[in-house]
Amino acid sequence: MAAGEDSQHYVELRENPIRFEPVSKANNVFFDDANRQVFGVRGKGAMGVVVKGPSEKSVANFRTDDKGDVVSIKFSPDRRILAIQRMQRAVDYVNFRDDMTSEQQEYAHQCKAKADLLGFVWTGINEVVYVTAKGIEQYQVLPEKKSFKAIKSVSLDIKWYFWLASSGFLLLSTGNLGNTLHPVQFKMGVMTRLPKFEVDLPSFPKPHKPMLHDRDVTMAVIYENLYVIVLRHPPNAAAGAEIVMYHVLKEGPARKTDILKLDMSGRFAINVVDSLVMVHHQASKTSVVFDIKLDGKSDGFVKYHYPVLSPLPIKPFKLFLPSVNMQAGTDKTEFFCELYSANWVVFQPAIVIDAKLGCLWTLHLNLAPIVAMLPDKVKLIQFLLNRGESKTVLQAVCRDMLTPGHQTNLGVISQVYDMLNQVYKAYLETEASMMSMDSTMSASGGLRPKVIIDQSDMFTHVFSVFEEHKDIPYKFMVSVLIEYIRSLNQFAIPVQHFLYELVINILVHNNCFYQLHQFLQYHVLGDSKPLACLMLSLESVYPPAHQLALDMLKRLQTANEEIIEVLLSKCQLLPALRFIRSVGIVDMVSSRKFLEAAQNTEDNLLFYTVFKFFEQRNQKLRANPRFQPGEHCEEYVRKFEALFGTEALMPIQVNM
């Protein structure tokens, strides 16, 4: 595909689909959505069963006895037991070894209910549930003994069912119209029935009787919440279909929360990709996506949503086939797949199967084209923040907002930074709660953010645009950085010193010392040791920077050593002595360091003052003015005696 063509499609089929022998008179195809495995069953299994899946471990090739037409075939979650439904009331089982070879001998089990077996699902490694027209039956499979142990059963008149293996939820349809739904959860071998609820059906003129069919219902986890998703067709085609979403709750009946307006009618298929509801329309051969996180119109009970983007077709997909006749074995030919084919069947969350072509794809959302399709930057950022693979695109959007020719106004930039940092803060809080090992806090911390843009990301991938584009006005640069710092402060996120340094460097480079002074004086730039050191380095170009740095270090109250070093390096010994006295650390400082600095000034009076200061300290600490050997001050004692005589030394007090 050409690059230009890529930009026209935001939905695409991932490369390298699972290829299997297409359905034919000799070959039946089944899909187990729990294990993501495709079964090709030839000659009712006697001519071979070929299993293909997403990994090497999910591939198998074996034969079974011909005991009739296969209705359903599935492996247990650990792929150690194969279950095959051939009859209306029983399931056959075959044990498998680690190397995916079968033990050949089958053993059968019949459901208790005297009713048709609608199907079965594996709810655990050795747990199976039969769904019959009269209820559900849960069993433990004992493969070594080839026997079964009944666990629990529920009596219900069931019309159809839907199984969501990833969440362990079974949805049962009951009632005359099939619109009374019963969610049942299976977790760690325990069956839990949740409150039943009714699905609203559209009003049709008599004598037409509306029914809720399994083809119009699916289940999916969206933003870590479980939903029942119902496609509702209108009484007349002009009205357009809609999708109704019911949030499944444990403490009460599922609640209708969202309605997705399609404004089209006909045949639809629904996938859920990265918490987006993706709807495929066969007649127009287009797809649309809905994001229930984005603001929708609400009537106080339900939120109404329209597609985030205009309907567009899935990106064309090209296959290389041996020939038009799959058995010919001639040279490979290029083949463009028919998109939105009548042969397509979709499974959750993002599976598309064309059984006649022999392909299983997963759907993928291409985020890059969406940037140009959503001009509203705030909406675009909100959309991207909820996508799992959007970090690179997010950084590019934030960078583009600062680039000449595309610069966005500061008000929008401010909103965007607040959105980024709100997610950043939520992530930091989640990490902190996990570090504290407080499971209660961690569980109540809400959704784990999909993507994080932290300060390092902004510095490296966004604000680096200032270095690359010299034509960006420095006032705009400073305003953007101050806005980002404001946003960090608003969410109580400690600002990294490299952001402050970037602001200072831009101001210094443009000789804006007065503005720099104001930022520091009014604490727009937060206090830190690295920032103080940077200010000290600016003294040669801006002399007041020295005092600003000292004031900053004093405010930190954790930089006493740094302040002393700065004062001594400037030969400001008396201010240094006053400082150590003011902060109460006279007893802890090194007398040798001060005496050495005093000697280096070659100011004898200053040397005398410093020497006497520490003599008095010694007297106060030890009742003896002399320096101890460990202080290594002998050199300075000799210098003092040479300059002022031994009489000038403080006399030792002798207590009688």
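Refer to the structure presented above.
Residues numbered from 1 in each chain as written. Predicted model: local features only at pLDDT ≥ 70, side-chain atom pairs only at ≥ 80, totals over all residues. Heavy atoms only, no water.

**A look at the sheet that holds strand E11 (residues 117-124)**
Hydrogen bonds along the backbone pair up the strands of a sheet, which may run parallel or antiparallel. Taken together, the four strands give an open sheet; going across it, the order is E11-E12-E13-E14, and neighbouring strands pair in antiparallel fashion. This sheet does not close on itself; its edge strands, each paired only once, are E11 and strand E14 (147-155). Neighbour to neighbour, the strand axes of the sheet diverge by 20° on average, direction disregarded. In terms of strand pairing, strand E12 (residues 127-132) meets strand E13 (residues 135-142) through six bridges, oriented antiparallel. The residue bridging Val128 from the neighbouring strand is Tyr139, located in E13. (Pairing = 2+ DSSP bridges. Helix = DSSP H or I, 4+ residues; strand = E, 2+ residues; numbered from the N terminus. Axes fitted to C-alpha atoms, helices over the stretch in contact; angles between N-to-C directions.)

**Description of the packing of aromatic side chains**
For the coordinates displayed, the defined rule picks out 29 aromatic pairs. Their ring planes at 75° and their centres at 6.2 Å tell us that Phe62 and Phe75 sit as a pair that is edge-to-face. Residue Phe62 is located in strand E6 (residues 60-62), and its partner Phe75 is located in strand E7 (residues 72-75); the two are separated by 13 residues in the primary sequence. Summarising the burial analysis for this pair, Phe62 and Phe75 share the class buried. Each ring, one from Tyr93 and one from Trp122, has its centre 6.1 Å from the other, and the planes form 85°; the classification is edge-to-face. (Phe/Tyr/Trp six-rings, centres within 6.5 Å; stacked < 30°, edge-to-face > 60°. Buried < 20%, exposed > 50% of the residue type's maximum accessible area, 1.4 Å probe, protein only.)

**Focus on the pattern of salt bridges**
Scanning the entire structure with this criterion turns up 21 salt bridges. Arg232 is the salt-bridge partner of Glu242, the closest N and O atoms lying 2.3 Å from each other. Highlighted residues: Glu242 in strand E22 (residues 242-247) and Arg232 in strand E21 (residues 225-232), separated in sequence by ten residues. Each member of the pair, Glu242 as well as Arg232, carries the same accessibility label: buried. By sharing partners, the salt bridges in this structure join Lys67, Arg86, Asp92 and Glu106 into a single network. (Salt bridge = Lys/Arg side-chain N within 4 Å of Asp/Glu carboxyl O.)

**Here's the deal with the state of the cysteines**
Tallied over the entire structure, the rule returns zero disulfides. The closest cysteine sulfur to the non-disulfide-bonded Cys337 is located on Cys359, 5.5 Å from its own sulfur. On the basis of relative accessibility, which here comes to 8%, the residue Cys337 falls in the buried class. (Disulfide = S-S within 2.5 Å.)

**Some remarks on the sheet that holds strand E5 (residues 48-52)**
Sheet architecture is open: four strands sit in the order E3-E4-E5-E6, paired in antiparallel fashion. The sheet terminates laterally at strand E3 (27-32) and E6, the two strands that pair on one side only. In this sheet, adjacent strand axes meet at a mean angle of 15° when their direction is disregarded. Both E3 and strand E4 (residues 37-42) contribute to a ladder of six bridges, which runs antiparallel. If you follow Asn27 over to E4, its bridge partner there is Arg42.

**Digging into the pairing of strand E8 (residues 81-85)**
In terms of burial, E8 is largely enclosed, as five of its five residues are buried. Of the strand pairs in this sheet, E7 and E8 are connected by four bridges, and their pairing is antiparallel. Considered in E8, the bridge of Lys74 is made with Ala83. Hairpin connection from E7 to E8: five residues lie between these consecutive antiparallel strands, with Arg79 at a positive phi of about 60°. With five bridges joining them, E8 and strand E9 (residues 90-96) adopt antiparallel strand pairing. Looking at the pairing, Gln85 lines up with Val91 of E9. Linkage of E8 to E9, two consecutive antiparallel strands, is achieved through a turn of four residues.

**A short note on the side chain of His305**
Mapped onto the elements of the fold, His305 is located in strand E28 (residues 303-305). A polar atom in the side chain of His305 sits 2.7 Å from the side chain of Asp258. Ignoring anything within four residues of it in the chain, the contact list for His305 reads Asp258, Ile259, Leu260, Lys261, Phe290, Asp291, Ile292, Leu294 and Gly296. (Polar contact = N/O pair within 3.5 Å; in protein donor to acceptor, adjacent residues only side chain to side chain. Contact = heavy atoms within 4.5 Å.)

**Re helix H9 (residues 474-490)**
End to end, H9 covers 24 Å across 17 residues, agreeing with the expected 24 Å (1.5 Å per residue, within 8%). The set of residues buried in H9 consists of Phe476, Met477, Val478, Val480, Leu481, Glu483, Tyr484, Ile485, Ser487 and Leu488. Structurally, H9 contributes buried residues whose contacts are with helix H5 (410-435), helix H7 (455-462), helix H8 (465-468), helix H10 (497-509) and helix H11 (513-521). Positive backbone phi, at 55°, marks Ala492, one or two positions downstream of H9. (Expected span 1.5 Å × (residues − 1).)

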